[in-house]
Structure formats: C-alpha cells, structure tokens
Amino acid sequence: MPAATPRPHVMALLFDTNFKTPSGSLVYRHLDGRLFTEEEQAIVRNATIEELQAAGVHVHDPEAGADAKAASYAMADLLLKYVRKHHEVLIPFMTHEDVLEYGRLATTIARGADMLLPHQD
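In this text the structure is predicted, and so the values were computed from the model without any measurement.

Trainee: Before we go on, may I ask you to explain the nonpolar core in this structure?
Mentor: One recurring pattern in soluble globular proteins is that nonpolar side chains are buried together. Listed in full, the 11 residues of the largest apolar core are Val-10, Met-11, Leu-13, Leu-14, Tyr-28, Phe-36, Val-44, Ala-47, Leu-52, Ala-55 and Val-57. Ranked by residues supplied to this core, first place goes to helix α1 (residues 8–15) with four residues. With residues up to four places along the chain from it excluded, the contact list for Met-11 reads Pro-6, Glu-51, Ala-54 and Ala-55.

Now the structure itself:
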C-alpha cells in the first residue's frame, strides 16, 4: 500500500512543535513556548507515522526491527546471486585481511561443495 501524502496543515504544525516534552507528557507546545490548543493537540496526536518521520521526529516502530531483519536477508540473497557469478570484481575492494579470509572460506566451500548439492536418493 503506498504511503499517504503528508497533509500540509499537519506538516506545518509538526515543524512548529517542540517535541521535547517531559517524559510521559502528551501536552505539546509551539517552538516559541505557546501551548497548543485542543485542536492542535488532536492534530499532532493523530499525525501518521509517515508525517512524523517527514517532520524529522523519531518514531518507535516495533515492526521496524523485524522488517529490517527480513529485508537484510533478502538483500543478502539478492547480492549473493551476483557475487557468485562475479566474485572476482570484489577482490580489488577488499582489505588484505579480507582477501585472505575470502580465500580461506572459498577453499573450505570448495572442499565440501559436493555436500551442498542436492542428493538423489
């Protein structure tokens, strides 16, 4: 689902919000110290995650960690698809220690490569 377009009136208010409130407080103020009206309080409390993030507010998203982990595995699989075919182009970007480690790992893989192939029973 595409992200909703941030609403201009919400964004204007968010950019004028002092988010440094006492711990647990949900009472917001303008950057100049004025308290928000009840209507302004409601607008900020109902802002979407996308709007808050667009305004530079750090938003704790409990699903973000799981999403990031899944995405990192998917990215690793995608990169490995190309690395397997074109691994030699990576060598110039590696440190000497990494080249040695790469060689050690490649030798270990080559010795056990037959075990990685599917067996027919």
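Trainee: What am I meant to see in the side chain of Gln-41 here?
Mentor: Within the element layout of this structure, Gln-41 appears in helix α2 (residues 38–45). Residue classification places Gln-41 among the buried positions, given a relative accessible area of 3%. When sequence neighbours within four positions are dropped, the list of residues in contact with Gln-41 reads Leu-26, Val-27, Tyr-28 and Phe-36.

Trainee: Looking at this structure, I do not really get the pattern of salt bridges. What am I missing?
Mentor: Pairs can form between side chains of opposite charge whenever their charged atoms are close. Going through the model one piece at a time under the given rule, you end up with three salt bridges. Between Glu-51 and Arg-7 there is a salt bridge whose closest N-O contact spans 2.7 Å. Of this pair, Glu-51 sits in helix α3 (residues 49–54) while Arg-7 sits in the segment before α1, and the two are 44 residues apart along the sequence. For Arg-7, a relative accessible area of 33% corresponds to the partly exposed category. For Arg-104, the salt bridge identified is with Glu-101, shortest N-O distance 2.8 Å. With Arg-104 and Glu-101 both in helix α5 (residues 96–111) and three residues apart, the pair spans about one turn of that helix.

Trainee: Please explain α2 as it appears in this structure.
Mentor: Residues lying three or four places apart along an α-helix face the same way, a consequence of the helix completing one turn every 3.6 residues. Buried residues of α2: Glu-40, Gln-41 and Val-44, and no others. Each buried residue of α2 sits inside an arc of 105° when the element is viewed along its axis, so together they form one side. In α2, the exposed residues that point more than 90 degrees away from the buried face are Glu-38 and Glu-39. Buried residues belonging to α2 abut α1, β1 (17–18) and β2 (29–30).

Trainee: Got a minute to help me understand the packing of α1 against α2 in this structure?
Mentor: Packed helices, taken two at a time, are described by the angle their axes make and the gap between the axes. Put simply, α1 and α2 touch, their axes get as near as 10 Å, and they point 100° apart. Here α1 is positioned roughly perpendicular relative to α2, judged by the angle of their axes. Together, His-9, Val-10, Leu-13 and Leu-14 of α1 and Glu-40, Ile-43 and Val-44 of α2 make up the contact between the two elements. Per-class residue counts for the contact of α1 with α2 are five nonpolar, one polar and one charged.

Conventions we followed
- Residues numbered from 1 in each chain as written.
- Predicted model: local features only at pLDDT ≥ 70, side-chain atom pairs only at ≥ 80, totals over all residues.
- Heavy atoms only, no water.
- Core = buried A, V, L, I, M, F, W, Y, C linked by side-chain atoms within 4.5 Å.
- Buried < 20%, exposed > 50% of the residue type's maximum accessible area, 1.4 Å probe, protein only.
- Helix = DSSP H or I, 4+ residues; strand = E, 2+ residues; numbered from the N terminus.
- Contact = heavy atoms within 4.5 Å.
- Salt bridge = Lys/Arg side-chain N within 4 Å of Asp/Glu carboxyl O.
- Arc of directions from axis to C-beta.
- Axes fitted to C-alpha atoms, helices over the stretch in contact; angles between N-to-C directions.
- Parallel < 35°, antiparallel > 145°, perpendicular 65-115°, else oblique.
- Nonpolar A, V, L, I, M, F, W, Y, C, P; charged D, E, K, R; others polar.

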